[in-house]
Amino acid sequence: MGSLRKRMLRAMHRFCISRPQALWKRYILGFIFIFATISVSHWASLATITAAEDDAEVLSVSSRQRMLSQRIMFLMTEASHGHDAHIESSLEDALDVFEASHNALVSREDLSSELQALYFEKKPISLDAFSRRFVQMVGIASSAQGEQAEELHEVLTRWGTHELLTSLATASDLFRQSSEARIKRLQIIQKATLISALTVLLIEAILIFLPAQLSVNRTIHRLERSKKRLKTSMKTLRAKNDELVAARQALMRAANHDALTGLFNRRAVYEHMSGSGNSAQGGDFTRCILKLDLDLFKQVNDSLGHDAGDRVLVRVAKILQELTRPGDFVGRIGGDEFVILIDNPRDLKMIQDLAQRIVTAVGKPIELDRIQTKIGASIGFTIAASSDATPDQLLIEADLALYEAKRGGRSQVCAYSNALAEEIETRRILFNEINAALEEDQFEPYFQPQVYTETGEIYGCEVLARWRHPERGIVPPATFIAAAEEAGMIHQIDQIMVEKGLDALEVFMELGMYVPAISVNASPPTLRDPHLTDRLLQAVHARHLPPSVLTVEVLESTLIENDDDVALLTIENLSEAGFSVVLDDFGTGYASMSNLSRLRLNGIKLDQSLVLPVPEPRADSIISALVTLSSNLNMRVVAEGVETPAHFETVKRLGCDVVQGFGIGRPMPQQALIEWYNEYTAQQKRAG
Ligand code: C2E
Ligand code: CA
Ligand code: CA
C-alpha cells in the first residue's frame, strides 16, 4: 500500500515538476481549451441576450393579441350601433393586425410542445382555428343585420370575453414559460462553460504555473549555489592567476637576467641589440658596445674558490652599474665577460673616460677571505654608427678590440678600427700559416756559437728557430714567435728546437766536435707546461745524453709578468733534473733581485742592449756590477751581442764568462756551424 502511494506521489511529482522546456505543450493545450470554453461562454451570453430580446417581442405580441381581441370586440359593438366609416376602418385595421400577429406567432419554429398543442391540437377547437374563426366571424358580424347580427354579437362577445381571452392568456403564459426555460438553459450553458474555463485555468495553474514556478525556484536556487561556487572558484582563480603572473614575471626576469649579478644576460643583450636602435632609430643613431673581460679572474676562482669568484663578479657588476648612466644597458654575457651598450654617446672621449674609470675601479685591491687580491679589467669597444651591422658583428668587433687590449697587456682599453681588423686578419692568416708550417715541418734550427772569454773554448751554441718558408725563404723568429705564442703553438716550436738541436748535437759529437751543450729558448707558455721537465728528460735520455747538455733560456719577462708559481716551479724542477737554466735578455725587464736569489739559476745572459754600448764608462760599470752580483750568487754571465773585438775585450775585462754574438759567429744552419767550427778551432790552434 505504502509503496503504491509512494509511486503515485512520485508520478505526481514527476508530472507536476515537469522540465520547464516541455511546459510549452501544456501552455498550448491549456490555451486552446480556455479559448474554446470562453468562446462557448461568450456565444451562450450572446444567445441569451438575443433570445431575451426575441422572447420579449413574442411576449409583447402575445399579450397584445389579448388587447387586440378586446379592442376588436369594442369596435365591433360600436360599428353595430350605426354606420360609421371611421370605426369600420379601425375595426378592419385591428383585425389585420390581429391576424398578422397570430400568423407571426404560429409560424415560429421554436414553439414549445404545449404551445403546439394549444395552437393546433386543443379540443374541441385549437387556438389557431379559434382565432381564425373569430376574425372570420367578426367580419361576418359587422356586415350582418337584425337578429342574425344580434346572435353573432352574443356569440362573439362570449368568445371575446371568455374562451378566446382565456386561450390567449394561456398562450401568453406558455410563451413566457418557454422563454424562461430557454434563457435558463442558456444560462446553464454559460455557467458551465465559465466554470470549465475557470477549472482549466486552475489546472493550468497547477500543471503549468506551479511547475514553472517550482522549476524557476529550483533554477534560482541552483544558480545561487553555482554563483557561490563560482565566487569561490573565482577567488581561487584570481589567486592562481596572481601566482601565475608573479611566476611569469619571475621567469621573464630569470630569462633576461643573470641570476648572480642581476645584470641582463646574454639573451637580453642580444634582444636589446637586435630589437632597438640602429636602423630603427634612423640616421643619427649611434651605439657604443663596450666589452669587458676580467684579468686574473681564473686565478681567483682556482685559488680562492668559486664563492670568492662570485663575489668578484657581483662587485664588478656593482661597479659597472655605478659608473654607467641609467639609460645604459649593462649585461653579463659569459663567465667574466660583461657588456655595456651606450646609445648615442656624446663623443669618443666620454667612452674612453668611462672605460678607463671602470678599469681603475675594478683594478683596486679587494679583500676576499681576508686575503688581499687584485684583479683587473680589459675593455674593448666599438661604435656602430647607424649601420646595419648585426649584434653578432658588433660583439665580434668589440671582442677583437678586447683581444687587442689583452694583447697589449692587462688593464687596457682598446677601440675597434678597420686597421685593427685588418691587423687581426693578417695575424689570423699568419696563425694558419704557422699551423701549416708545423704540419709541413718547416721549422729548423740555426745555431749560434758561444765561447768562453778566457780560453776561447767552445761553451756551446744557442738553438734559434727559423722558418723555411717555401716562397719567402728563411723567415726570422721576429715574424712568427709572438704569433705562435699567441696562437698557442710556441711550445711545439720549442719542442722541435729541442729535438732537432739534440739531433744536431749528436751529429757534432759523432763528427768529434767539442760542443758540450746547446741552449734552447723556452717561451712563457712552454715554461708553464708542468710536463716540460719530463719531456726534456725524455729527449736527452732517448739519445743517451745527460741533462747537462741542455741549457734552458728563460725570459726575465716571464717571471715579472706573472709572478707565476708554475713557471717558478718548472725552473726549480729543471735545475733539480740537472738542466742548466739561464735568465735570458737580462737587463731588458725588471727581474726582481728576489727572483735572482730565490731561483736556482745557472747564469744570466746580458742583453745586447747592455753590451752594444761598451766600451763606455756607464755601460761598463753596469756590466761590472751585474758580474759581481752574479758571481756572488754563483751564476755564470753570458754576454750577448758581442759584435766587435772591442765588445769582446771589454766584456772579457769586466768579467763575463761567455760571449755570444756576430763577432763570434752568426746564427747558422747545422752544416754551416760544422764549417764554422772547423775554421774556428783551426784558428784557435794557430793562435795558440
Ligand atoms: P734571443 O734569445 O735573445 O736570441 C738572440 C738573438 O740575438 C738572435 O736573434 C740572434 O740572431 C741575435 N744576435 C746574436 N748575436 C747578435 C749580435 O752580435 N748583434 C745583433 N744585433 N744580434 C745578435 P734571432 O735569432 O732573430 O732571435 C730573436 C729572438 O727570437 C730570440 O732572442 C728569442 O727570444 C726568439 N727565439 C728564437 N728562436 C726561438 C725558439 O726556438 N723558441 C723561442 N721561444 N724563442 C725563440
Ligand atoms: Ca735566447
Ligand atoms: Ca737574449
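Residues numbered from 1 in each chain as written. Chains lettered and ligands numbered in written order. Predicted model: local features only at pLDDT ≥ 70, side-chain atom pairs only at ≥ 80, totals over all residues. Heavy atoms only, no water.

Student: Even after reading the chapter, I still don't get empty space enclosed by the protein, so can you show me in this structure?
Tutor: Space left empty within the atom packing is revealed by a probe, the size of a water molecule, rolled over the atoms. Per the stated rule, a full pass over the model turns up 4 cavities of 30 Å³ or more. Those elements that place two or more of their residues in the lining of the largest cavity are α2 (23–80) and α7 (163–256). The greatest single-element share of the lining of the largest cavity, amounting to 4 residues, is contributed by α7. Taken together, the residues that form the lining of the largest cavity break down as 4 nonpolar, 2 polar and 4 charged. Of all the secondary-structure elements, those providing two or more residues to the lining of the second largest cavity are α15 (490–510), β11 (518–522) and α17 (532–542). (1 Å grid on protein atoms, 1.4 Å probe; cavity = no way out; pocket = protein on both sides within 12 Å on 5 of 7 lines; lining within 4 Å. Points joined across faces, edges and corners; volume = space filled by probe spheres on them. Helix = DSSP H or I, 4+ residues; strand = E, 2+ residues; numbered from the N terminus. Nonpolar A, V, L, I, M, F, W, Y, C, P; charged D, E, K, R; others polar.)

Student: What exactly am I supposed to notice about the site of ligand 1 here?
Tutor: As a matter of local geometry, ligand 1 sits amid 21 residues, with A465, D494, Q608, E643 and F662 nearest to it. Here a nitrogen atom of ligand 1 and a backbone polar atom of A465 are 2.9 Å apart. Contacts to ligand 1 include D584, whose side-chain N or O atom sits 3.0 Å from an oxygen atom. Starting from 780 Å² of accessible surface for ligand 1 in isolation, the protein chains cover 83%. Breaking the shell around ligand 1 down by element, the ones donating at least two residues are β9 (458–469), α14 (477–486), α15 and β13 (580–586). It is β9 that provides the largest number of residues to the shell around ligand 1, a total of 4 residues. Classifying every residue of the shell around ligand 1 by side-chain character gives 8 nonpolar, 6 polar and 7 charged. (Near = heavy atom within 4 Å. Polar contact = N/O pair within 3.5 Å; in protein donor to acceptor, adjacent residues only side chain to side chain. Areas by Shrake-Rupley, 256 points an atom, 1.4 Å probe, with all protein chains shown as cover.)

Student: Before we go on, may I ask you to explain the coordination of the calcium ion (ligand 2) in this structure?
Tutor: A four-donor tetrahedral metal ideally has 109.5 degree angles, and a six-donor octahedral metal ideally has angles of 90 or 180 degrees. Distances from the calcium ion (ligand 2) to its protein donors, E462 (OE), N521 (OD1), E553 (OE) and D584 (OD), fall within 2.1 to 2.3 Å. The distance between the calcium ion (ligand 2) and the calcium ion (ligand 3) comes to 4.0 Å, with D584 serving as a donor to both metals. A residue pair is termed long-range when its members are at least 10 positions apart, and N521 in strand β11 and E553 in strand β12 (residues 550–555) qualify at 32 residues. (Donors = N, O, S within 2.8 Å, 3.2 Å for Na, K, Ca; no water.)

Student: Which parts of the structure should I look at to understand the UniProt feature "coiled-coil region" (unreviewed entry) in the protein chain?
Tutor: UniProt's feature table lists "coiled-coil region" (unreviewed entry) at residues 220–254, given in the numbering used throughout. The span residues 220–254 carries 100% helix and 0% strand; its end-to-end C-alpha distance comes to 49 Å. (UniProt positions renumbered as here; feature names shortened; annotations may be inferred.)

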